[in-house]
Amino acid sequence: MSLFSGLLHRRPRDLPCQQVVEIVTDYLEGALSAGERRRFEHHLAVCEHCTEYLAQIRETIRLTGRVTTEDLTPEMRTDLTDLYRRWRAEG
Amino acid sequence: MEADTSLLRRLRGGDEQAFADLVARYNSSMLRLALSFVSSRAVAEEVVQDTWLAMLRGLDRFEERSSLRTWLFTILVNRARTTGVREARSVPVADAGPAVDASRFSPSGAWAVPPDHWVEEAENRVDAAKLSELLRGAMSLLPDRQREVVLLRDVEGLTSSEVCHVLAISEANQRVLLHRGRSKLRQALESELGGGQR
């Protein structure tokens with residue numbers, strides 16, 4: 001099919017799932033154009049697997065947000081108190 | 001919780017407790033971020049200490065156009081990069097791997113091996129500590145840049161523009177790195193929690 005006939009047949013084609021999973025972040029970040037967004041949402045409305053995929057990405061983000069960070073050790077706290085006092089002495 | 005701006009005011013007034021409060025608030029995040037740039041805990045701690053000292057020395061110049069946290073993270077990233085441990089081998093663009101392995105799609109691009117269900121199960125079956133550990137492990141396997149972006153966005157909760165500022169990358173680059181990183185974390189969760197394969 002030539003590019004020209006491709007344009008002639010342009011209509012709101014469904015996105016392939018393989019492409020949907022690649023634009024999921026752009027969707028969540030609000031970086032899709034209005035047209036892309038419509039196609040994305042239209043696809044979700046008819047594809048349970050991609051709907052599931054989006055839910056999993058959202059859940060991944062939520063769970064990542066609960067990853068705990070490194071503990072502040074007592075040694076480090078002491079070092080930093082010393083650092084503060086040295087800095088005060090500098091001035 | 002006392003606002004950063006208020007702690008900053010007390011710190012400028014010479015209040016040592018304000019410094020201790022800031023350390024309690026941000027040191028852990030800073031250490032984690034530093035660890036994504038340098039490989040040893042000792043070096044990471046050094047980078048964090050350098051950052052605190054740079055913050056104290058720069059107090060008078062800080063105009064509060066960004067949040068204190070963003071400022072601290074920006075100093076830290078600059079310090080961590082000048083240690084040079086990882087900078088030499090970290091590439092500013094993302095690896096080009098797909099979000100989901102191509103073998104899971106049919107030639108038309110539709111799902112051939114659809115995602116396993118695990119969202120509801122995640123919390124019912126697995127305790128929070130184990131999920132956290134799983135994600136920490138998966139994050140440690142991400143390429144450096146992806147890990148840094150995921151850490152700042154999804155663990156620390158910075159906005160995309162704050163992340164771009166801290167890491168000195170474009171919005172588009174940030175999105176690509178975030179996309180790759182999140183996709184891999186999702187895959188890790190699916191592999192571990194997905195139905196029927198345990």
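Conventions we followed
Residues numbered from 1 in each chain as written. Chains lettered and ligands numbered in written order. Predicted model: local features only at pLDDT ≥ 70, side-chain atom pairs only at ≥ 80, totals over all residues. Helix = DSSP H or I, 4+ residues; strand = E, 2+ residues; numbered from the N terminus. pLDDT = per-residue confidence, 0-100. Domains from an automatic or database assignment. Contact = placed C-beta atoms within 7 Å. Axes fitted to C-alpha atoms, helices over the stretch in contact; angles between N-to-C directions. Parallel < 35°, antiparallel > 145°, perpendicular 65-115°, else oblique. Left-handed = near helix turned anticlockwise from the far one by under 90°. Nonpolar A, V, L, I, M, F, W, Y, C, P; charged D, E, K, R; others polar. Core = buried A, V, L, I, M, F, W, Y, C linked by C-beta atoms within 7 Å. Buried ≥ 20, exposed ≤ 12 C-beta atoms within 10 Å, placed from the backbone.

Tallying secondary structure elements over chain B gives nine helices and zero strands in all. The secondary structure elements of chain B, listed N-terminal to C-terminal, are α-α-α-α-α-α-α-α-α. With the principal axes as the frame, chain B shows a C-alpha extent of 65 × 35 × 30 Å.

Turning next to the confidence of the model for chain B. Chain-level pLDDT for chain B is 89 on average; 91% of the residues reach the 70-or-more range. Overall fold confidence (pTM) sits at 0.84, and the ipTM for the predicted complex is 0.85.

Quite often, the size of an interface is put as the accessible area lost when its parts meet. Residues and elements named next belong to chain B. Entries for chain B in the domain assignment read domain 1 (4-89) and domain 2 (102-193). Of note, the centres of domain 1 and domain 2, computed from C-alpha atoms alone, are 26 Å apart. At the interface, ten residues of domain 1 touch ten residues of domain 2. Among the elements of the structure, α2 (16-35) and α4 (68-83) are those that each provide at least two residues to the side of domain 1 that touches domain 2. Ranked by residues supplied to the side of domain 1 that touches domain 2, first place goes to α4 with four residues.

All names here are of chain B. Relative orientation of the contacting elements helix α1 (residues 4-12) and α2 amounts to 140°, with a least axis distance of 7 Å. Taken together, the axes of α1 and α2 lie oblique to each other. Of the two possible hands of crossing, α1 and α2 adopt the one that is left-handed. For the pair α1 and α2, the contacting residues are Leu-7, Arg-10 and Leu-11 in the first and Ala-18, Phe-19, Asp-21 and Leu-22 in the second. Across the contact of α1 with α2, the residue classes tally to five nonpolar, no polar and two charged.

If you look at the interface, chain B gives 46 residues, while chain A gives 37 residues. Here the side of chain B that touches chain A gets ten residues from one element, more than from any other, and that element is α2 of chain B. In the side of chain B that touches chain A, the residues fall into 26 nonpolar, eleven polar and nine charged.

All right, on to the nonpolar core then. One finds Met-30, Ala-34, Val-48, Leu-72, Leu-76 and Leu-135 of chain B to be the most contacted residues of the largest nonpolar core, which totals 51 residues. Counting residues per element, this core draws most heavily on α2 of chain B, at nine residues. Each of domain 1 (4-89) and domain 2 (102-193) of chain B accounts for three or more of the residues forming this core. Sequence-distant contacts of Leu-72 of chain B, defined by excluding residues within four places in its chain, comprise Tyr-26, Met-30, Thr-51 and Met-55 of chain B. Of all hydrophobic cores here, the second largest spans 13 residues; its members include Val-20, Val-24 and Cys-50 of chain A together with Trp-111 of chain B.

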